[in-house]
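Analysis of the macromolecular model
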Amino acid sequence: MDISNQTLYQEITDKLKTVPKEVLERISAYSSEIDNNKEHNFELSEEQKKVFRK
């Protein structure tokens, strides 16, 4: 993992330390969906984007 990936990973990890379990479950579902649809263009809804901005 190069330094930019490590930094991004650390930023995400730090943000996830304080979110409620329900949010973590939703994030997990989003990431699973993205992983299952790698060949598709996945775009978050505005509501989903708001969740990630918090």
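Small disclaimer: the values here were computed from a predicted structure and weren't measured. (Residues numbered from 1 in each chain as written. Predicted model: local features only at pLDDT ≥ 70, side-chain atom pairs only at ≥ 80, totals over all residues. Heavy atoms only, no water.)

1. Observations concerning the overall build of the chain
- Helix and strand content of the chain: 3 helices and 0 strands.
- Overall, the chain shows an N-to-C arrangement of helices and strands of α-α-α.
- Counting only residues that meet the buried cut, the chain has 11% of its 54 residues in that class.
- Accessible area of the chain: about 4900 Å², with a carbon and sulfur share of 53%. (Helix = DSSP H or I, 4+ residues; strand = E, 2+ residues; numbered from the N terminus. Buried < 20%, exposed > 50% of the residue type's maximum accessible area, 1.4 Å probe, protein only. Areas by Shrake-Rupley, 256 points an atom, 1.4 Å probe, with all protein chains shown as cover.)

2. Observations regarding the packing of helix α2 (residues 21–36) against helix α3 (residues 46–53)
- Interaxial distance between α2 and α3 falls to 11 Å at its minimum, and their mutual angle equals 125°. Comparing the axis directions of α2 and α3 gives the class oblique. Seen from above, α2 lies across α3 with left-handed handedness. In contact with Val23, Arg26, Ile27 and Tyr30 of α2, α3 contributes Gln48, Val51 and Phe52.
- Of the residues contributing to the contact of α2 with α3, the split by class is 5 nonpolar, 1 polar and 1 charged. (Axes fitted to C-alpha atoms, helices over the stretch in contact; angles between N-to-C directions. Parallel < 35°, antiparallel > 145°, perpendicular 65-115°, else oblique. Left-handed = near helix turned anticlockwise from the far one by under 90°. Contact = heavy atoms within 4.5 Å. Nonpolar A, V, L, I, M, F, W, Y, C, P; charged D, E, K, R; others polar.)

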